[in-house]
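In case you want the letters, here they are:
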Amino acid sequence: MDRGTAQAPRNTGAGVWLRRYHDSASAPVRLVCFPFAGGSASYWFGLSGLLSPGIEVLAVQYPGRQDRHTEPCLESVAGLADGVVDQLPSDGKPFALFGHSLGAIVAFEVARRLRDPAGPGLPVHLFASGGLARPYRPAGRSGELADADILAHLRAMGGTDERFFSSPELQELILPALRADYRAVASYEAPGPERLDCPITALIGDTDERTSPEQAGTWRERTAAAFDLRVLPGGHFYLDGCQEQVAAVVSAALAAGSGA
């Protein structure tokens, strides 16, 4: 389910929470990428390569997966956001946030926390991919989901290798992170009518049964600046087959918004 490479690509060093896979430290702008539920930093290796060297990509590694597998998973969006904020570079380089599914909510919460003048500054853009401005909760459920419910939800979203669903060994490795991430979504309470000062681009797949264009459009309510909606071919994990298109969207938005 990890969807990253079988063996995590080499990290050139960016802290406990952040991974840098390509040498692009001299790039004029930075993109911080947040994984989906059960995902890991290495999922962003391909996008990092496409954007390098013009955009420096830092991929977020949540606790409890890959090289952080011995650490306990966090079960709140607030905890994930706080961990990232504490390690964002404060070197003055313009930066944007890109989150997919659960990662979109975490990225939004990071942006909210960055209004502190003592922090690394404000993001120049938020890319909210495959997720809702208001978090998704399976119908009729509140709180804890059984493993069978989590697995059924994953299968319904599509894009996960069927071998995962028939392998108790793989499930034993991945389910702890999935449980924690689903608890984080279930316990998350979106803030009131609060808007960011940076532009937001929402991205979804045209066959994503979980998020419609109308639902993704609710991200418009979260910005006092410009809003854009991009619908690309594919389902919930449209990114798997659209990395070049996504890289083009990101590059154009950051070139326009950061002065890079």
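In this text, all values refer to a predicted model and were calculated from it rather than measured experimentally.

What follows deals with the sheet that holds strand β7 (residues 227-232). In spatial order, the strands read β1-β3-β2-β4-β5-β6-β7; together these 7 strands make up an open sheet with mixed pairing. Two strands lie at the open edges of the sheet, namely β1 (18-19) and β7, each paired on one side alone. Against the sheet, helix α3 (residues 102-113) makes contact with β2 (29-34), β4 (95-100) and β5 (126-129), and its axis sits at roughly 150 degrees relative to β4, the strand it touches most.

This part covers helix α6 (residues 168-187). If you check α6, its first and last C-alpha atoms are 27 Å apart, about what 20 residues at 1.5 Å a residue would give, namely 28 Å. Most pronounced at I174, the bend in α6 amounts to some 45 degrees, and the proline P176 follows within four residues. Within α6, the full set of buried residues consists of Q171, I174, L175, A177, L178, A180, D181, Y182, A184 and V185. The secondary structure elements touched by the buried residues of α6 are α2 (77-87), α3, α4 (147-157) and α5 (162-165).

Of the residues making up α2, those classed as buried are V77, L80, A81, G83, V84 and V85. Buried residues in α2 make contact with β2, β3 (55-60), α3 and α6.

Here the focus is the packing of aromatic side chains. Under the definition given, this model contains 7 aromatic pairs. Aromatic pair F98 and F127: ring centres 5.7 Å apart, planes at 25 degrees, arrangement stacked. With F98 in strand β4 and F127 in strand β5, this residue pair connects regions lying 29 residues apart in the sequence. Both residues of the pair, F98 and F127, belong to the buried class. Seen in terms of ring centroids, F108 and W219 are 6.0 Å apart; in terms of plane orientation they differ by 70 degrees. Their pairing is edge-to-face. Taken as a pair, F108 in helix α3 and W219 in the loop between α7 (213-216) and β7 lie far apart in primary sequence, 111 residues in all. The same class applies to F108 and to W219, which are both buried. A connected cluster of aromatic rings, assembled from ring pairs, spans F36, Y43, W44, F98, F127 and F237. One residue, R68, lies across the ring of W17, its end atom 4.6 Å from the ring centre.

About the cut-offs
- Residues numbered from 1 in each chain as written.
- Predicted model: local features only at pLDDT ≥ 70, side-chain atom pairs only at ≥ 80, totals over all residues.
- Heavy atoms only, no water.
- Pairing = 2+ DSSP bridges.
- Helix = DSSP H or I, 4+ residues; strand = E, 2+ residues; numbered from the N terminus.
- Contact = heavy atoms within 4.5 Å.
- Axes fitted to C-alpha atoms, helices over the stretch in contact; angles between N-to-C directions.
- Expected span 1.5 Å × (residues − 1).
- Bend = angle between axes of the 7 residues up to and from the residue.
- Buried < 20%, exposed > 50% of the residue type's maximum accessible area, 1.4 Å probe, protein only.
- Phe/Tyr/Trp six-rings, centres within 6.5 Å; stacked < 30°, edge-to-face > 60°.
- Lys NZ or Arg CZ within 6 Å of the ring centre and 35° of its normal.

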